[in-house]
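# Coordinate analysis (summary)
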Amino acid sequence: MVTKIDHIGIAVKDLEESLKFYTEVLGLECIGTEVVDEQKVKVAFLPIGDSKIELLEATEPDSAVAKFIEKKGAGIQHIALRVDDINKAIAEMEAKGRRMIDKEARYGAGNGRIAFMHPKSTDGVLLELCERE
């Protein structure tokens, strides 16, 4: 079902400032930014090998990313796992007794369909299931 790590989501306070570290210091290339209104974030993707780093900046103070930073500070917010069929993956996780935050897939940055698993069902890690075309 899971084929690879799609990306690692990192919550940041200032996307432009954080991008400088990843591009100028680490030498990664940003392949674009996007605002995802539904999730109240602005994101930037930086490919690294077969996966990506996703930097997330809150666009609203009540967003999940803003709340994460307020509670834990900037840092790794989630790990996204690539799946072939998001609807099947959601059903399988629920059938295996895993609690889903998203019972149905929704739009995610980079033209993906995503669904988050509740950290209480995944040993404290926020996991995102991600399907891409």
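Check the entry above for the structure.
First, a word on scope: everything that follows refers to the structure included in this document. (Residues numbered from 1 in each chain as written. Predicted model: local features only at pLDDT ≥ 70, side-chain atom pairs only at ≥ 80, totals over all residues. Heavy atoms only, no water.)

### Details of helix H2 (residues 64-72)
Applicable threshold: Burial classification: accessible surface area is computed with a 1.4 Å probe over protein chains only, and a residue below 20% of its type maximum counts as buried, one above 50% as exposed, and the rest as partly exposed. Each helix is a run of H or I in the DSSP string that is no shorter than four residues. Each strand is a run of E no shorter than two, and both are numbered from the N terminus. Working definition: the arc comes from the directions between the helix axis and the C-beta atoms, pointing outward to the latter. Throughout, a contact is declared for two residues whenever any of their heavy atoms are within 4.5 Å.
Within the span of H2, buried status applies to Val-65, Ala-66, Phe-68 and Ile-69. Buried residues of H2 fall within an arc of 160° about the axis and therefore sit on the same side. Looking at H2, the residues exposed on the side facing more than 90 degrees away from the buried face are Ala-64, Lys-67, Glu-70 and Lys-71. On the buried face of H2, the contacting elements are strand E1 (2-12), strand E3 (41-48), strand E4 (51-58) and strand E5 (75-83). One or two residues past the end of H2 sits Gly-73, with phi positive at roughly 85°.

### Concerning the nonpolar core
Heads up, the condition is: Among the buried residues, those of types Ala, Val, Leu, Ile, Met, Phe, Trp, Tyr and Cys that are joined through side-chain atoms within 4.5 Å form a nonpolar core.
Counting eleven residues, the largest nonpolar core consists of Leu-81, Val-83, Ile-86, Ala-89, Ile-90, Met-93, Met-100, Ala-115, Met-117, Leu-127 and Leu-129. Of all elements in the fold, only E5, helix H3 (86-95), strand E7 (112-117) and strand E8 (127-132) reach the threshold of two or more residues within this core. No other element matches the four residues that H3 contributes to this core. The contact partners of Ile-86, leaving out residues within four places of it in the chain, are Ala-105, Arg-113, Ile-114, Ala-115, Leu-129, Cys-130 and Glu-131.

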